[in-house]
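Each chain, written out:
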Amino acid sequence: MQKITFTLNGHAVKALVEPQWTLLELLRDHLELTGTKEGCGVGECGACTVIIDGKAVNACLFPVLETEGAEVLTIEGLMGPDGSLHPLQRAFINQGAVQCGFCSPGMILSAKALLDENPHPTEDEIRTALAGNFCRCTGYTQIIQAVQSLGTYAEKEVAVMPREE
């Protein structure tokens, strides 16, 4: 076992891990963060997408030791301090982009990584960013519409932030 330290959803985490573990194993099997889904297990479906240091990655392929010192965001970390949904989660619901929900966490985190880097993506940029995420239910139209509906993403994200006193 090796000790690693990283930031998970805004909280410092110290964990003892086996060097051969993936980040997905740590998240789901040991930290009980089951919002990150295990789909294909070989990086093809995107169900396990998380954000590490601002980039969307497949947790099923990501060696757990490489999280040392990193900032990791899972779907559980999108929730506001008052339990409110992130604007992307609300957009997915409002656009009917959630069917069975299995792919939704990965889709939402891939979209968040895109929108954090580019708040006004074109449809092609959205499709490219989500190309590694598969959905067997919706056919992608509602998912693309959900991401597009945020148009002024940065402004809307600020609008839901609580006021500092």
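S.K.: Quick rundown of the overall build of the chain? Include the residues and the values.
M.R.: Assigned secondary structure in the chain consists of 6 helices and 5 strands. Order of helices (α) and strands (β) in the chain, N terminus to C terminus: β-β-α-β-β-β-α-α-α-α-α. Computed over the C-alpha atoms, the radius of gyration of the chain is 16 Å, within 12% of the 15 Å expected from 2.2 N^0.38 for a compact globule of 165 residues. With the principal axes as the frame, the chain shows a C-alpha extent of 45 × 45 × 25 Å. Taken across its 165 residues, the chain has 42% of its residues classed as buried. Across the chain, contacts joining residues at least 24 apart in sequence account for 58% of those joining residues at least 6 apart. Carbon together with sulfur atoms contributes 50% to the accessible area of the chain, which is approximately 8,900 Å² in total. Counting 11 positive and 21 negative side-chain charges, the chain places the averaged centre of each group 4 Å from the other.

S.K.: Tell me about the state of the cysteines, residues and numbers included.
M.R.: Here the structure, examined in full by the defined rule, presents 0 disulfides. Looking at the unpaired Cys 60, the closest cysteine sulfur is the one in Cys 48, lying at 3.6 Å. Left without a disulfide partner, Cys 137 is nearest to the cysteine sulfur of Cys 100, which lies 3.7 Å away. Using a relative accessible area of 40% as the deciding quantity, one classes Cys 137 as partly exposed.

S.K.: So, the sheet that holds strand β2 (residues 11-17): which residues are in play, and what are the values?
M.R.: Taken together, the 5 strands give an open sheet; going across it, the order is β2-β1-β5-β3-β4, and neighbouring strands pair in mixed fashion. The sheet terminates laterally at β2 and β4 (55-58), the two strands that pair on one side only. Put simply, the sheet's adjacent strands are angled 40° from each other on average, direction ignored. Where strand β1 (residues 2-8) lies against strand β5 (residues 71-73), 2 bridges are found, and the strand directions are parallel. In the strand pairing of β5, Leu 8 is matched with Val 72. The strands touched by helix α3 (residues 104-117) are β3 (49-52), β4 and β5; relative to β3, the strand with the most contacts, the crossing angle is about 30°.

S.K.: An account of α3 is needed here, citing residue identities and associated values.
M.R.: With 14 residues, α3 extends 20 Å between its outermost C-alpha atoms, agreeing within 8% with the 20 Å of an ideal straight helix rising 1.5 Å per residue. Most of α3 sits out of view: 12 of its 14 residues are buried. Here α3 has its buried residues at Ser 104, Pro 105, Gly 106, Met 107, Ile 108, Leu 109, Ser 110, Ala 111, Lys 112, Ala 113, Leu 114 and Leu 115.

S.K.: Could you give an account of the pattern of salt bridges, naming the residues involved and the relevant values?
M.R.: Here the structure, examined in full by the defined rule, presents 3 salt bridges. The shortest N-O distance in the salt bridge between Lys 55 and Glu 117 comes to 3.2 Å. Within this pair, whereas Lys 55 is found in strand β4, its partner Glu 117 is found in helix α3, the two being separated by 62 residues in sequence.

S.K.: Could you give an account of the pairing of β4, naming the residues involved and the relevant values?
M.R.: Bridging between β3 and β4 involves 4 bridges; their strand directions are antiparallel. Bridge pairing links Ile 52 to Lys 55 in β4. Between β3 and the antiparallel strand that follows it, β4, lie 2 residues; Asp 53 among them carries a positive phi value of about 50°.

Cut-offs used in this document
- Residues numbered from 1 in each chain as written.
- Predicted model: local features only at pLDDT ≥ 70, side-chain atom pairs only at ≥ 80, totals over all residues.
- Heavy atoms only, no water.
- Helix = DSSP H or I, 4+ residues; strand = E, 2+ residues; numbered from the N terminus.
- Rg over C-alpha atoms; globule rule 2.2 N^0.38 Å.
- Buried < 20%, exposed > 50% of the residue type's maximum accessible area, 1.4 Å probe, protein only.
- Contact = heavy atoms within 4.5 Å.
- Areas by Shrake-Rupley, 256 points an atom, 1.4 Å probe, with all protein chains shown as cover.
- Lys, Arg positive; Asp, Glu negative; His and termini not counted.
- Charge placed at Lys NZ, Arg CZ, Asp CG, Glu CD.
- Disulfide = S-S within 2.5 Å.
- Pairing = 2+ DSSP bridges.
- Axes fitted to C-alpha atoms, helices over the stretch in contact; angles between N-to-C directions.
- Expected span 1.5 Å × (residues − 1).
- Salt bridge = Lys/Arg side-chain N within 4 Å of Asp/Glu carboxyl O.

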